[in-house]
Amino acid sequence: MTILAIDTSCDETSAAVTRGWTALSNVVASQAELHRPYGGVFPTVAKQAHRENIEPTVQLALKRAGIKPQELDAIAVTQGPGLAPALEVGIAHAKKLASEWRLPLIPVNHIEGHLWSVLVQPRRRTPSQPAPDPVATIQFPVLALIVSGKHTEFVLVHGFGTYNVLGRTLDDAAGECLDKIGRMLNLGYPAGPVLEQLAKVGSPTTAFPLPLTTVKTFDLSFSGLKTFARNTLNALGGSEVLSRQEVCDFAASTQAGVFRHITYKLEKVIEAVHRGTTEFDPAPVSELWLGGGVAANTALRAALRQTLRASSRRLGLATPLVLRTPYTKRLCGDNAGMIGVVGEKKATSQFLVRSRGITLERLPRLSLR
Ligand code: KG4
Ligand code: ZN
């Protein structure tokens, strides 16, 4: 199927054309500049910018893919979760195009998009040869970790549409925590990528606390790390008095604290899925899928690989667990390419909403369960 996909869940207006697992184009118009003065996403500004960007973004996605509207088989659009006024713009535009071009509409869960983003394939030089199906080589179940500005969760993936959410954040998401601490350091918005660059020339001189070590669940919590950062900076006399090197050191400490919390819980999750717990039978996994904006961070990837190696040794696995990440960083942040591939999987299974799609409504609080 050739699918036009649209995602306007937060502050990126994105449109893509996908065919199977291949993204023929994947255009992202970022609003980061517009939200920078507010230090976060301002809903009415996001809505207005989506309205202005949606049509040219869709046109560019079609042009880059070399596809005409009459060659499309369906339109996939993010239904949720996300910012209600932002979702509304993408859905309204998808409905308009679906009615003009007489195409079925496929509603897609944004988190499911991040989950399967690791399998999206680049466009081939010889498009006549279809890309091999990456799912054919996957040994299910696999474990997925979604780390974005809105979500942080461990998901056991048994196959398309069959998921167990093993744990999720009880408060802030990991990216949100990085952004908020970055804001305390006056690093602008979004601060996650800036923090990563500063941390490269810093040393983790401040030890952040490790949250939720006494509870057996696989849930996470980042709000205590944010409070710890604020109190530490206040005790030092505010971020303004820090030297450039001290800011870099604090960035390195923040990343180490946030990622240590994730890897600590990951160790527990891996152990539980391999050995089984009172709640579920053993479900040995061979790989970890990493998706979401924070997945672009190379220090996080390195920390996860180290954890996978250590867990594999401890469990005596003949084949060590491997980390699978999206082939390009564009697929980590919000993008419509991941929405298109999930849309096709839905369309080819029993989930397709055909003409009923026209009644599709936004679901800002949609979750995987
Ligand atoms: O997936 P995404 O684009 O939007 C949501 O669905 O939330 O994720 C955005 C988040 C932001 O918090 C941003 O700071 C973070 O991803 N992020 C990073 C990096 N690139 C983006 N965090 C750390 N290191 C990065 N390189
Ligand atoms: Zn996202």
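Relevant structure appears above.
Residues numbered from 1 in each chain as written. Chains lettered and ligands numbered in written order. Predicted model: local features only at pLDDT ≥ 70, side-chain atom pairs only at ≥ 80, totals over all residues. Heavy atoms only, no water.

> Can you help me understand the overall build of the protein in this one?
In terms of helices and strands, the protein carries 10 helices and 10 strands. Here the C-alpha atoms of the protein give a radius of gyration of 21 Å, agreeing with the 21 Å that 2.2 N^0.38 yields for 369 residues. Its C-alpha atoms give the protein principal-axis dimensions of roughly 60 × 50 × 35 Å. Here the protein, with 369 residues, has 56% of them falling under the buried criterion. Excluding contacts between residues fewer than 6 apart, the proportion of contacts in the protein whose partners are at least 24 apart in sequence is 75%. (Helix = DSSP H or I, 4+ residues; strand = E, 2+ residues; numbered from the N terminus. Rg over C-alpha atoms; globule rule 2.2 N^0.38 Å. Buried < 20%, exposed > 50% of the residue type's maximum accessible area, 1.4 Å probe, protein only. Contact = heavy atoms within 4.5 Å.)

> Explain the packing of aromatic side chains to me, please; I cannot follow it from the model alone.
Given two aromatic rings, their pairing is described by the distance between the two centres and the angle made by the two planes. Overall, the coordinates contain 7 aromatic pairs when judged by the stated rule. With a centroid separation of 4.8 Å and 65° between ring planes, the pair formed by Phe 208 and Phe 228 is classed as edge-to-face. Of the two residues, Phe 208 sits in the loop between α6 (192–200) and α7 (223–236) while Phe 228 sits in helix α7, which places them 20 residues apart along the sequence. In this structure Phe 228 comes out as partly exposed when scored by relative accessible area, which is 23%. Members of the aromatic cluster, connected to one another through ring pairs, are Trp 21, Trp 116, Phe 140, Phe 160 and Trp 289. (Phe/Tyr/Trp six-rings, centres within 6.5 Å; stacked < 30°, edge-to-face > 60°.)

> Even after reading the chapter, I still don't get the coordination of the zinc ion (ligand 2), so can you show me in this structure?
Six octahedral donors at a metal ideally form angles of 90 or 180 degrees, and four tetrahedral donors ideally form angles of 109.5 degrees. Only His 110 (NE2), His 114 (NE2) and Asp 334 (OD) from the protein reach the zinc ion (ligand 2) as donors, at distances of 2.0 to 2.2 Å. Around the zinc ion (ligand 2) sit 4 donor atoms, and with donor-metal-donor angles ranging over 90 to 141° the site reads as irregular. (Donors = N, O, S within 2.8 Å, 3.2 Å for Na, K, Ca; no water. Tetrahedral: all angles 85-135°; square planar, octahedral: opposite > 155°, others 65-115°.)

> Explain the sheet that holds strand β9 (residues 287–291) to me, please; I cannot follow it from the model alone.
Strands belonging to one sheet form pairs held by backbone hydrogen bonds; the direction of such a pair is parallel or antiparallel. Here 5 strands make up an open sheet; going across it, the order is β8-β7-β6-β9-β10 and the pairing mixed. Edge positions in the sheet fall to β8 (162–168) and β10 (322–324), since each has one partner strand and no second. The mean angle between the axes of side-by-side strands here comes to 25°, regardless of whether they run parallel or antiparallel. The pairing of strand β7 (residues 152–159) with β8 spans 6 bridges and is classified as antiparallel. Across the sheet, Gly 159 pairs through a bridge with Thr 162, a residue of β8. (Pairing = 2+ DSSP bridges. Axes fitted to C-alpha atoms, helices over the stretch in contact; angles between N-to-C directions.)

> What's the story with the packing of helix α5 (residues 174–184) against α7 in this structure? I'm lost.
The description of two helices packed together rests on the angle between their axes and the distance between the axes. Close contact between α5 and α7 brings their axes to 10 Å; oriented N to C, the two are set at 10°. As summarised for this structure, α5 and α7 are arranged roughly parallel, according to the angle between their axes. Residue-level inspection shows Cys 177, Lys 180, Ile 181 and Met 184 of α5 in contact with α7, the latter providing Leu 225, Lys 226, Ala 229, Arg 230 and Leu 233. A breakdown of the residues in the contact of α5 with α7 according to their chemical character gives 6 nonpolar, no polar and 3 charged. (Parallel < 35°, antiparallel > 145°, perpendicular 65-115°, else oblique. Nonpolar A, V, L, I, M, F, W, Y, C, P; charged D, E, K, R; others polar.)

> Would you take a moment to explain the pattern of salt bridges for this structure?
Evaluation of the coordinates by the stated rule reveals 9 salt bridges. A salt bridge links Glu 100 to Lys 96; its shortest N-O distance comes to 3.6 Å. Taken as a pair, Glu 100 and Lys 96 lie in helix α3 (residues 84–101) at a separation of 4 residues, close to a single helical turn. Relative accessible area serves as the criterion here: at 40%, Lys 96 is assigned to the partly exposed category. Notably, a salt bridge pairs Glu 271 with Arg 275, separated by 3.1 Å at the nearest N-O pair. Pair noted here: Glu 271 and Arg 275 are both in helix α8 (residues 244–275), with a separation of 4 residues, about one helical turn. (Salt bridge = Lys/Arg side-chain N within 4 Å of Asp/Glu carboxyl O.)

> Would you mind showing me how to read the site of ligand 1 here?
Ligand 1 sits among 19 residues. The nearest are Gly 149, Asp 179, Glu 196, Gly 293 and Asn 297. The side chain of Asp 334 places a nitrogen or oxygen atom 3.0 Å from an oxygen atom of ligand 1. Surface burial for ligand 1 is 88%, taken as the share of its 560 Å² of free accessible area covered by protein chains. With respect to the pocket detection grid, ligand 1 is positioned in the largest pocket. Partitioning the shell around ligand 1 into residue classes produces 5 nonpolar, 10 polar and 4 charged. (Near = heavy atom within 4 Å. Polar contact = N/O pair within 3.5 Å; in protein donor to acceptor, adjacent residues only side chain to side chain. Areas by Shrake-Rupley, 256 points an atom, 1.4 Å probe, with all protein chains shown as cover. 1 Å grid on protein atoms, 1.4 Å probe; cavity = no way out; pocket = protein on both sides within 12 Å on 5 of 7 lines; lining within 4 Å. Sits in = over half its atoms within 2 Å of the grid points.)

> How should α7 be read in this particular structure?
Residues three or four positions apart in an α-helix share a direction because the helix packs 3.6 residues into each turn. The terminal C-alpha atoms of α7 lie 20 Å apart, and with 14 residues this matches the ideal 20 Å at 1.5 Å per residue to within 8%. Residues Leu 225, Lys 226, Ala 229, Thr 232 and Leu 233 constitute the buried set of α7. Along the axis of α7, the buried positions cluster into a sector of 130°, meaning they face one direction only. Of the exposed residues in α7, those oriented more than 90 degrees away from the buried face are Asn 234 and Ala 235. As for α7, its buried residues are in contact with α5 and α8. (Expected span 1.5 Å × (residues − 1). Arc of directions from axis to C-beta.)

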